[in-house]
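# Tertiary structure, described
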Amino acid sequence: MAEAGPAGAIRYSTVPNPGLSVTIASMQPPVKCLCCRILWSCLFLLFVVPRLGIAETAPPVIHVILWFDTEDYLLPASDDAAKRLAQMLTQRGIHATFKVVGEKARTLQRRGRQDVIAALKQHAIGYHANFHSVHPTPAEYLEDCGLLDGIAEFVRREGGGAGDVRRIFGVGTLACYGQPGSSWAAPAIAALKTIGVAPHGVPCYVDDGSQVGVQNKPFWYENALMAYDLGPNVTRMDLHDPQGVQPAERKFQRIAERLAHDGGGLVSIYFHPCEWVHRQFWDAVNFSHGANPPRERWRPPPQLPPEETEAAFDRFGQYIDFIRARPGVHFVTANDLPEIYPDSVRSVGVAETVLDELARRLIAEGARGVDFQVIGRQAISAADQFELFARVVGSWITGNAPQFPLRAAGLLGPDAAPPVGPAPVAVDWPAFRDATLDVMDFVQTQRRVPARVFLGAYPVPPTDFLVGLARAYEFRRRQGRLPTGSGVPLGNHLELLPARHVAADTQDVFGWVIHRPGFRGQNILALARLQTWTLKPALGVSP
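What this report covers is the structure whose coordinates are included nearby. What you are looking at is a predicted structure, and each value in this text was computed from that prediction instead of being measured.

## Some details on the state of the cysteines
The tally for this structure, following the rule as stated, stands at zero disulfides. Here Cys 204 is not disulfide-linked; the sulfur of Cys 176 is the nearest cysteine sulfur, at 5.8 Å. What makes Cys 204 buried here is its relative accessible area of 0%.

Here is the structure:
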């Protein structure tokens, strides 16, 4: 990569030898003729640069997010384990993410463990539910909720715990949220900003699970940045296996090499501080299979002998030292993710040419449905498309000119399933005009995609109306006017294609030992599919 060097010379950094730099001025002969100097520089670039292995692109970067679900508020030894982990990482110059349960934060305060709080504050502080495994868990109390009442219920039950973690740790915002166990639900994600989980103003979700994901990479969902369902890019080591270090190192190396070959990526590594000190998870001792004893009967888990704990810390130290010594590997926290994966559709906006291409894709012959789209370095969700086309076509209807680049504010998905009965596939201009203005008002006031759009007495699915908006947009682009003298063709019960990224309804999706027997979360998955209107890949910053 070229940059200005001394006396206006050009400096090049090399990829094979990152510490090596070559300054043309230092190698060229003392020729004062400007033409001769330019000629020499050209010859240098043509013949010398290739021999030095100089490249103009930076090497792939492997980001590692190391996170700890800090949850056990029953075994006091877990407090010391969390402190020790935080301190040993701080000493190594590594920043991790500690997702703290509300009751854990309050317990540290009651026990006077300011030393633990101070150690953890050197890292990013996230949130991991108010009581974690006390029933009802988040998925249990959100199973029968819709989108809006689910958001309100999550805020009611979890907002106080998030506030306590912020207050006790002295942070203005929490770095991320992640669900306890497999107790995942879409309304929780939509509520994150309300409860104070928004680093750099962006709600962030960090955990591991299979309910929704995009190609085992970070993605956007309900306007939150999700480091979730990373599949083969999630790794751990067996802390208590005497032979566990080298297999874990080899696995990490294979992941890093694969990601480097693909241009870089994110590796997710997670543990629980209590794993260093207990024989059995604290919540399994008390809340398994729907059990919900009163607080006075909660029992701490059995503890490991000190020598086993020490051996586990020693293995972990070896593992972390191996990772941080790998070239091109950088530890990041949840606080860093919004800067690594910015959404320029929100911050910068889309150009008119991007909207032109979106319209062409939406109305293309043989299109099977509505999907997120990637154009250049921008990912545009179906909800983004709905918002942008409604605003542009609505502006033209009201006699205003849209200003490009046009930023999407970010909508949620619908709060109910689309209509399934007969619906018009083409409408006259006055009906379409009035429906568009109504949609504009809905989007501006409700901040979500409507579950149905009324064309007079007839409701149509929002996917079909989006195609109508794209056709009206394309007509004006080609003709220079809106189709006031003709009808507007709509889609015909088009599929919302991103819904395929939600897990199928199987027993293991919510198969956490804490959940009551037979819990499947079918309504949660149905609502999750509606919210895939907001789904799109998170595109990292180019090296």
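## Details of the packing of aromatic side chains
One pass over the structure, following the stated rule, counts 24 aromatic pairs. Plain terms: the ring middles of Phe 68 and Phe 316 are 6.2 Å apart, the flat faces sit at 75 degrees to each other, and that makes the pair edge-to-face. Taken together, the positions of Phe 68 in strand 4 (residues 62-70) and Phe 316 in helix 11 (residues 306-324) put the pair 248 residues apart, joining distant regions of the chain. Of the residues examined, Phe 68 reaches a relative accessible area of 0% and is grouped as buried. Accessibility expressed as a relative area gives 0% for Phe 316, which makes it buried. Both rings, one in Trp 429 and one in Phe 432, keep their centres 5.9 Å apart while their planes meet at 35 degrees; by these two values the pair is tilted. Taken together, the residues span about one helical turn, with Trp 429 and Phe 432 both in helix 16 (residues 429-446) at a distance of three residues. Each member of the pair, Trp 429 together with Phe 432, is buried. Through successive ring pairs, a cluster of aromatic residues spans Phe 68, Phe 98, Phe 271, Trp 276, Phe 313 and Phe 316.

## A word on the layout of surface pockets
In this structure, the largest pocket occupies an estimated 660 Å³ of space. In terms of lining residues, the largest pocket is bounded by 27 residues, among which Gly 263, Gly 264, Gly 265, Tyr 341 and Gly 540 are the most central. Elements that contribute at least two residues to the lining of the largest pocket include exactly helix 9 (245-261) and strand 11 (265-271). Here the residues of the lining of the largest pocket are counted per class, giving 14 nonpolar, nine polar and four charged. Each pocket or cavity is described by its volume, and for the second largest pocket that value is around 560 Å³. In this structure, the second largest pocket is lined by 27 residues; those nearest its centre are Lys 193, Gly 201, Pro 203, Asn 223 and Ala 409. Counting only elements with at least two residues in the lining of the second largest pocket, the list comes to helix 7 (147-169), helix 8 (186-190), helix 12 (337-340) and helix 13 (344-347).

Conventions we followed
- Residues numbered from 1 in each chain as written.
- Predicted model: local features only at pLDDT ≥ 70, side-chain atom pairs only at ≥ 80, totals over all residues.
- Heavy atoms only, no water.
- Disulfide = S-S within 2.5 Å.
- Buried < 20%, exposed > 50% of the residue type's maximum accessible area, 1.4 Å probe, protein only.
- Phe/Tyr/Trp six-rings, centres within 6.5 Å; stacked < 30°, edge-to-face > 60°.
- Helix = DSSP H or I, 4+ residues; strand = E, 2+ residues; numbered from the N terminus.
- 1 Å grid on protein atoms, 1.4 Å probe; cavity = no way out; pocket = protein on both sides within 12 Å on 5 of 7 lines; lining within 4 Å.
- Points joined across faces, edges and corners; volume = space filled by probe spheres on them.
- Nonpolar A, V, L, I, M, F, W, Y, C, P; charged D, E, K, R; others polar.

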